[in-house]
Amino acid sequence: MARRRRRQHETNNSDRNIQESEMANRSATSVEIINAGANRGARENVAALAALSRDSERIAPLAVYVDPMPGRARTLAAIAQERGLQSRAVEGTVEDLVERSSIGNRSPLILHLDRPRAIAEVLRAPGVSERPILAYGLIRLPGAKLWGVRIALLPSDRRGRDETLHFFEALSSLAERGGSDRVVGQRAEPAHRVIEPMLRAWMREHAAACLTKLIAGLEPEVDPVEITTDGERTRPLLVWDAPVWSDPAALARAVVANPSTPISRGRDFVIAETCRDEIRFHEVRIRQTDGQVQVRGVESFDAGALAELRAEDKEAERERVRVVAEAALRLAERLTISRRAPILMTD
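Within each chain, residues carry numbers counting from 1 in the order of the written sequence. The predicted origin of the model limits local features to residues at a pLDDT of at least 70 and limits the giving and counting of side-chain atom pairs to 80 or more, whereas totals for whole chains, interfaces and linings rest on all residues. Side-chain figures throughout are based on the complete set of non-hydrogen atoms in the structure, without hydrogens or water.

Trainee: If you had to explain unusual backbone geometry to someone new, which residues and values would you point to?
Mentor: Backbone geometry places Arg 276, a non-glycine residue, at a positive phi of 55°. Numbering of helices and strands starts at the N terminus; helices are DSSP runs of H or I of at least 4 residues and strands are runs of E of at least 2. Mapped onto the fold, Arg 276 is located in the loop between strand E9 (268-275) and strand E10 (278-286). What makes Arg 276 exposed here is its relative accessible area of 62%. For every residue, the accessible area (1.4 Å probe, protein chains only) is compared with the maximum for its type, and the residue is labelled buried under 20%, exposed over 50%, or partly exposed between those bounds.

Trainee: Which residues make up the environment of Thr 93, and what values do they have?
Mentor: When you line up the elements, Thr 93 lands in the loop between strand E3 (86-91) and helix H5 (94-100). With relative accessibility at 32%, the residue Thr 93 sits in the partly exposed group. For the pair Thr 93 and Met 69, spaced 24 residues apart in sequence, the C-alpha separation works out to 9.3 Å. Polar contact is defined as a pair of N or O atoms within 3.5 Å, subject to the rule that within protein one atom must be able to donate a hydrogen and the other to accept it, and that residues adjacent in sequence are counted only when both atoms are side-chain atoms. Within the structure, the side chain of Thr 93 is placed 3.1 Å from the side chain of Asp 96, a separation counted as a polar contact.

Trainee: I'd like a description of the packing of helix H3 (residues 46-55) against helix H9 (residues 190-215), backed by residues and values.
Mentor: With their axes 8 Å apart at the nearest point, H3 and H9 run at an angle of 40° to one another. By the angle between their axes, H3 is oblique relative to H9. In terms of crossing hand, the pair formed by H3 and H9 is right-handed. Facing H3, whose interface residues are Ala 47, Ala 48, Leu 49 and Leu 52, H9 presents Arg 204, Ala 207, Ala 208, Leu 211, Thr 212 and Ile 215. Each residue gets one label: Ala, Val, Leu, Ile, Met, Phe, Trp, Tyr, Cys and Pro are nonpolar, Asp, Glu, Lys and Arg are charged, and the others, such as Gly, are polar. Considered class by class, the residues forming the contact of H3 with H9 number eight nonpolar, one polar and one charged. Note on definitions: angles span 0 to 180 degrees between N-to-C directions of axes, and those axes are lines fitted to C-alpha atoms, for helices only across the stretch in contact. Note that the term roughly parallel is reserved for angles under 35 degrees, roughly antiparallel for angles over 145, roughly perpendicular for angles of 65 to 115, and oblique for everything else. For any helix crossing, the convention is left-handed if the near helix is rotated counterclockwise from the far helix by under a right angle, and right-handed if that rotation is clockwise. Should any heavy atoms of two residues lie within 4.5 Å, those residues are counted as being in contact.

Trainee: Go over the packing of aromatic side chains, please, and point to the residues and values.
Mentor: Pairing of aromatic side chains here covers Phe, Tyr and the six-membered ring of Trp, requires ring centres within 6.5 Å, and sorts the geometry by plane angle: under 30 degrees stacked, over 60 edge-to-face, intermediate tilted. Enumeration according to the criterion identifies three aromatic pairs in this entry. On the basis of an interplanar angle of 75° and a centroid distance of 5.3 Å, the ring pair of Phe 167 and Phe 168 is categorised as edge-to-face. Assessed through its relative accessible area of 4%, Phe 167 is described here as buried. Centroid distance Phe 167 to Phe 281: 6.4 Å. Interplanar angle 75°. Geometry classified as edge-to-face. Here Phe 281 lies in strand E10 and Phe 167 lies in helix H7 (residues 158-172), a separation of 114 residues in the sequence. Overall, Phe 281 belongs to the buried group, its relative accessible area being 3%. Counted as over-ring charges are cases with an Arg CZ or a Lys NZ within 6 Å of the ring centre that also lie within 35 degrees of the ring normal. Over the face of the ring belonging to Trp 245 we find Arg 280, whose NZ or CZ atom lies 4.2 Å from the ring centre.

Trainee: Could you give an account of H9, naming the residues involved and the relevant values?
Mentor: Expected span, for any helix, means 1.5 Å times one less than how many residues it has. Over its 26 residues, H9 runs 38 Å from end to end, which matches the ideal 38 Å to within 8%, given 1.5 Å per residue. Take the seven residues that end at a residue and the seven that start at it, fit an axis to each, and the angle between those axes is the bend at that residue. At Glu 196, H9 shows its largest bend, some 40°, and a proline, Pro 197, comes one to four positions later. Of all the positions in H9, only His 192, Ile 195, Glu 196, Leu 199, Arg 200, Trp 202, Met 203, His 206, Ala 207, Cys 210, Leu 211 and Leu 214 are classed as buried. Directly beyond the C-terminal end of H9, a positive phi value near 80° is found at Gly 217.

Trainee: Which residues make up the pattern of salt bridges, and what values do they have?
Mentor: Any carboxyl oxygen of Asp or Glu that lies within 4 Å of a side-chain nitrogen of Lys or Arg is treated as forming a salt bridge with it. For the structure shown, the criterion picks out 18 salt bridges. The closest approach of N and O atoms between Glu 196 and Arg 40, which form a salt bridge, is 2.9 Å. In this pair, Glu 196 is assigned in helix H9 and Arg 40 in helix H2 (residues 40-44), connecting sequence segments 156 residues apart. Taking relative accessible area as the criterion, Glu 196 reaches 7% and is therefore assigned buried.

Trainee: An account of the confidence of the model for the protein is requested, with residue identities and associated values reported.
Mentor: Fine structural detail should not be taken from predicted coordinates in areas where pLDDT scores are low. Scored from 0 to 100, pLDDT records how confident the predictor is in each individual residue. With 79% of its residues at a pLDDT of 70 or more, the protein shows a mean pLDDT of 81. Segment residues 9-26 is flagged for pLDDT under 50; beyond a separation of four residues in sequence, or across chains, it makes one contact in the model. A low-confidence stretch, residues 297-309 (pLDDT under 50), is modelled with 24 contacts involving residues beyond four sequence positions or located in other chains.

Trainee: I'd like a description of the side chain of Arg 235, backed by residues and values.
Mentor: Relative to the helices and strands, Arg 235 resides in strand E8 (residues 235-241). Taking the relative accessible area as the measure of exposure, Arg 235 reaches 5% and is therefore buried. Not counting the four nearest positions on each side in its chain, Arg 235 is found in contact with Val 225, Glu 226, Ile 227, Thr 229, Asp 268, Phe 269, Val 270 and Glu 283.

Trainee: If you had to explain the nonpolar core to someone new, which residues and values would you point to?
Mentor: Residue types Ala, Val, Leu, Ile, Met, Phe, Trp, Tyr and Cys, when buried and joined through side-chain atoms within 4.5 Å, form a set referred to as a nonpolar core. One finds Leu 111, Phe 167, Ile 279 and Phe 281 to be the most contacted residues of the largest nonpolar core, which totals 44 residues. Apart from the residues lying within four places of it in its own chain, the contact partners of Phe 167 are Leu 237, Val 239, Ala 272, Ile 279 and Phe 281. By size, the runner-up hydrophobic cluster in this structure holds 35 residues, among which are Leu 138, Val 183, Ala 207 and Leu 344.

Trainee: A description of the pairing of strand E2 (residues 59-67) should follow, citing residues and the corresponding values.
Mentor: By the criterion of burial, E2 is predominantly enclosed, with nine of the nine residues buried. In E2, alternate side chains face the same way, and those of Ile 59, Pro 61, Ala 63, Tyr 65 and Asp 67 on one face and Ala 60, Leu 62, Val 64 and Val 66 on the other are all buried. Only strands that DSSP links by at least two bridges are regarded as paired with each other. Here strand E1 (residues 29-36) pairs with E2 via eight bridges, running parallel. Bridge pairing links Ser 30 to Ala 60 in E2. Pairing geometry for E2 and E3, over six bridges, is parallel. Bridge pairing in E3 links Asp 67 to Glu 91. Traced from E2 through helix H4 (residues 72-82) to E3, the parallel crossover comes out right-handed. Handedness of a crossover is defined as follows: orient the strands so they point away from the viewer, and if the path from the first strand over the helix to the second runs clockwise, the crossover is right-handed.

What follows is the structure, given as structure tokens:
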């Protein structure tokens, strides 16, 4: 008798759990998330969307995969369905879909595109400016340095959008085509193939956290553009346009005086300095101890401290500053991309 009552109790609990689950599913808000591109990057990010679908009781994401290549979006939509993620496929360009779509203007848009020009074209497209945008990619710089890049642009952040658009427009003429195989494929550096899973996990973490916030109407706690080389250390990327190349230390101080995203003491960041048809990258840090701005390879220059030195020491200090400034300039020149030293990019 006791065993029968226990079985009945377990059955009732099971039925109640099913009913509660069905009620939660019925009350969950369906949110369409447009994914521009349905190749490697979008495939790697299915796990983030599937986790959101599985873990949230109030959000039911519907992934809309958009790709102009025949069959590619349909294939990825089927993979997503197998992972428990509601999805559908659209064969075409994301610009056309956004322009004619009935989806609310504030529905998130995720870019998994392998060309800087394609990202710039989406950012310029009508109907995109009022949407939150996430974007992910891998960039191989000259000298075989590999960056993971992740982007979160809010409709309210006009400056961040403008800087990001300018950066990808500048990159458009500095990227070789067909980069996937040479970035993480068979022709890639062995070290890059090894590090790719860590970079992909870094992107998925960003997507999951940002989507949860965006759908709830909250601002993600991230910078507009972030980079990593190892999947652990994250640095914001700030963009600076200039008619002529700047002195690296002076440039860093000017950017810190009016940054497009807050930069606190102790943080490392990267400046992308665009000038005509080239881009230089400067690795910068604001020192925790005194707030001085320090470019990699350049010691901080404190004019106040210099004034207190004896006359004979001032000349020596000036010479030291000149030497390290020249070293920084040589480093910046090595981190310059141009048509002669292009990047490779993949989603």
